[in-house]
Amino acid sequence: MSKSLIQFIIEEQRHMGASGDFTGLLSDIISACKQIAHAVNKGDLIGVLGSAGSENVQGETQKKLDVITNDIFMQSTEWGGHLAAMASEEMDEIYPIPAKYPRGKYLLTFDPLDGSSNIDVNISVGTIFSILRCPDGVSNPTEKDFLQPGAKQVCAGYALYGPSTMLVLTTGHGVDGFTLDRDIGEFILTHPQMKIPADTSEFAINMSNRRYWEAPVQRYVEECTKGKEGGREKNFNMRWVASMVAEVHRILTRGGIFMYPFDTKDPAKAGKLRLLYEANPMSLIVEQAGGASSTGRQRILDIQPDELHQRVPVILGSKNEVDRVVGYHQGA
Ligand code: AHG
Ligand code: MN
Ligand code: MN
């Protein structure tokens, strides 16, 4: 008999003696991801493609679906009584749960539509989420309550809207993957205990930024592209989807290294990807699957955030390759 995501979570929580609050929150998140899968899948049939004509707090042009998916995620999770507040890549400020709903003990951060530059060309996109505990004694959370190192996440996950819709998550006991069966409307456990191989011969980076990278990343990519003729024991392949969710999913499936490193393109930015909505949840998933995740200089999950929309360099995936890049930073 196949196991649904909800059954999986209830059984896992039962072992931990949990109250059911967490299961309730997850169930609201699952419902949001199913609704987003539906909107993304219908595309132009329901007129959701194209630009919204607005900008988010990071100065990026919003797609209609960035706004729609943000609303779906908020509306699906605000009412349940499990959250005290939430924060999103697409909202300037944190969103405390309105007084008309009960407040719960968790904080939620999310990137409602990751890879949104791909949506109009019908390439995979995703949703990334992270659950933190609201600090003890705090009933009216502020931004600073969200500034917790990634190692404190209670749960992290993503939904991938690709040829199949999948939901992959960790609660700190490994990583499990579920596929949406549209006929019955349930996510079914199809990828139990996903593991990232320690070695790989596939790297992912936006090569157009090459001239802006620092020396350690230049060196690493140069060696990969030279392969056997450049001192590595093997030749490498390259991929770049421009949807982090799709890249991480590929790495969870067959290994690889993903880099959005520090670059000097815009010296005001420490990196492109956002710590609370992208880097932290993906780092927890990758580490729980046996991989590694670093800025090049520091383990991402150890970073003490100092602002909500903080950006960080990200180097994650197969452990031996990430360790190699980190080693190049140490030697530099
Ligand atoms: P988002 O669509 O949420 O803004 O995130 C896009 C991110 C990430 O998913 C991807 O890896 C990266 O930006 C792609 O950046 P480039 O367009 O610079 O390649
Ligand atoms: Mn994103
Ligand atoms: Mn996004």
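What you see is a predicted model; the values in this text were computed from it and never measured. (Residues numbered from 1 in each chain as written. Chains lettered and ligands numbered in written order. Predicted model: local features only at pLDDT ≥ 70, side-chain atom pairs only at ≥ 80, totals over all residues. Heavy atoms only, no water.)

1. Section: the overall build of the chain
- From N to C terminus, the chain includes 8 helices and 17 strands.
- Taking 2.2 N^0.38 as the reference for a compact globule, 332 residues should give roughly 20 Å; the C-alpha atoms of the chain span a radius of gyration of 19 Å, in line with that estimate.
- Dimensions of the chain, computed from the C-alpha atoms along their principal axes, are close to 60 × 50 × 45 Å.
- Put simply, the chain has 332 residues, and 56% of those count as buried.
- Considering only intrachain contacts with a sequence separation of at least 6, the fraction spanning at least 24 residues in the chain is 63%.
- Looking at the chain, you have 33 positive and 41 negative side-chain charges, and the mean spots of the two groups are 4 Å apart. (Helix = DSSP H or I, 4+ residues; strand = E, 2+ residues; numbered from the N terminus. Rg over C-alpha atoms; globule rule 2.2 N^0.38 Å. Buried < 20%, exposed > 50% of the residue type's maximum accessible area, 1.4 Å probe, protein only. Contact = heavy atoms within 4.5 Å. Lys, Arg positive; Asp, Glu negative; His and termini not counted. Charge placed at Lys NZ, Arg CZ, Asp CG, Glu CD.)

2. Topic: the site of ligand 1
- In the vicinity of ligand 1, 17 residues are found, and the nearest of them are Asp114, Gly115, Asn206, Met244 and Tyr260.
- Taking Gly115, its main chain carries an N or O atom lying 2.8 Å from an oxygen atom of ligand 1.
- Interatomic distance of 2.5 Å between a side-chain N/O atom of Tyr260 and an oxygen atom of ligand 1.
- Protein contacts shield 86% of the accessible area of ligand 1, which totals 470 Å² for the unbound molecule.
- Because more than half of its atoms lie within 2 Å of the grid, ligand 1 is assigned to the largest pocket.
- Going through the elements one at a time, strand S5 (106–114), strand S13 (257–260) and strand S14 (273–274) are the ones with two or more residues in the shell around ligand 1.
- Among the elements that line the shell around ligand 1, the one with the most residues is S5, at 3 residues.
- For the shell around ligand 1, the residue count by class is 7 nonpolar, 4 polar and 6 charged.
- Two domains each donate at least three residues to the shell around ligand 1, and these are domain 1 (5–191) and domain 2 (202–331). (Near = heavy atom within 4 Å. Polar contact = N/O pair within 3.5 Å; in protein donor to acceptor, adjacent residues only side chain to side chain. Areas by Shrake-Rupley, 256 points an atom, 1.4 Å probe, with all protein chains shown as cover. 1 Å grid on protein atoms, 1.4 Å probe; cavity = no way out; pocket = protein on both sides within 12 Å on 5 of 7 lines; lining within 4 Å. Sits in = over half its atoms within 2 Å of the grid points. Nonpolar A, V, L, I, M, F, W, Y, C, P; charged D, E, K, R; others polar. Domains from an automatic or database assignment.)

3. A look at the sheet that holds strand S8 (residues 165–170)
- Read from one edge to the other, the open sheet built from 8 strands follows the order S4-S3-S5-S6-S7-S8-S9-S10, with strand pairing classed as mixed. Two strands in the sheet have a free side with no partner beyond their single neighbour: strand S4 (95–96) and strand S10 (186–191).
- Looking at chain direction, S8 and strand S9 (residues 176–181) are connected through 4 bridges and run antiparallel. Each bridged residue has a counterpart across the sheet, and for Leu167 the counterpart in S9 is Phe178.
- Taken strand by strand, helix H3 (residues 64–77) contacts strand S3 (83–88), S4, S5 and strand S6 (125–133), and its axis lies near 155 degrees from that of S5. (Pairing = 2+ DSSP bridges. Axes fitted to C-alpha atoms, helices over the stretch in contact; angles between N-to-C directions.)

4. Digging into the coordination of the manganese ion (ligand 3)
- Note on the manganese ion (ligand 3): its protein donors are Glu89 (OE), Asp111 (OD) and Leu113 (O). The metal-donor distances range over 2.2 to 2.4 Å.
- Sequence spacing among the residues donating to the manganese ion (ligand 3) works out to E-x21-D-x1-L.
- A distance of 3.7 Å spans the gap from the manganese ion (ligand 3) to the manganese ion (ligand 2), which Asp111 bridges by coordinating each metal. (Donors = N, O, S within 2.8 Å, 3.2 Å for Na, K, Ca; no water.)

5. Considerations on the packing of aromatic side chains
- Under the criterion given, the structure shown has 6 aromatic pairs.
- Measuring from ring centre to ring centre gives 6.1 Å for Phe22 and Tyr106, while their planes differ by 65 degrees; the resulting arrangement is edge-to-face. In this pair, Phe22 sits in helix H2 (residues 21–42) while Tyr106 sits in strand S5, placing the two residues 84 residues apart along the sequence.
- Under the relative-accessibility criterion, Phe22 is labelled buried at 3%.
- Ring geometry for Trp240 and Phe258: centres 5.5 Å apart, planes at 10 degrees, overall stacked. With Trp240 in the loop between strand S12 (237–238) and helix H6 (244–254) and Phe258 in strand S13, this residue pair connects regions lying 18 residues apart in the sequence.
- Since its relative accessible area comes to 26%, Trp240 is described here as partly exposed.
- Its relative accessible area of 2% is what places Phe258 among the buried residues. (Phe/Tyr/Trp six-rings, centres within 6.5 Å; stacked < 30°, edge-to-face > 60°.)

6. Some words on the coordination of the manganese ion (ligand 2)
- Every protein donor of the manganese ion (ligand 2) is listed here as Asp111 (OD), Asp114 (OD) and Glu278 (OE), and their distances to the metal cover 1.8 to 2.2 Å.
- Ordering the donors of the manganese ion (ligand 2) by residue number gives the pattern D-x2-D-x163-E.
- Taking relative accessible area as the criterion, Asp111 reaches 0% and is therefore assigned buried.
- Take Glu278: its relative accessible area is 1%, and that puts it in the buried class.

7. A few points about empty space enclosed by the protein
- Inspection of the entire model under this criterion finds 2 cavities of 30 Å³ or more.
- The volume enclosed by the largest cavity comes to roughly 40 Å³.
- Forming the walls of the largest cavity are Glu214, Val217, Pro261, Phe262, Thr295, Arg297, Pro313, Ile315 and His329.
- Each residue belonging to the lining of the largest cavity can be placed in one class, and the counts come to 5 nonpolar, 2 polar and 2 charged.
- In this structure, the second largest cavity occupies an estimated 30 Å³ of space.
- Residue lining of the second largest cavity: Ile205, Asn206, Asn209, Trp213, Met259, Tyr260, Pro261 and Asp263, and that is the complete set.
- A class-by-class count of the residues in the lining of the second largest cavity yields 5 nonpolar, 2 polar and 1 charged. (Points joined across faces, edges and corners; volume = space filled by probe spheres on them.)

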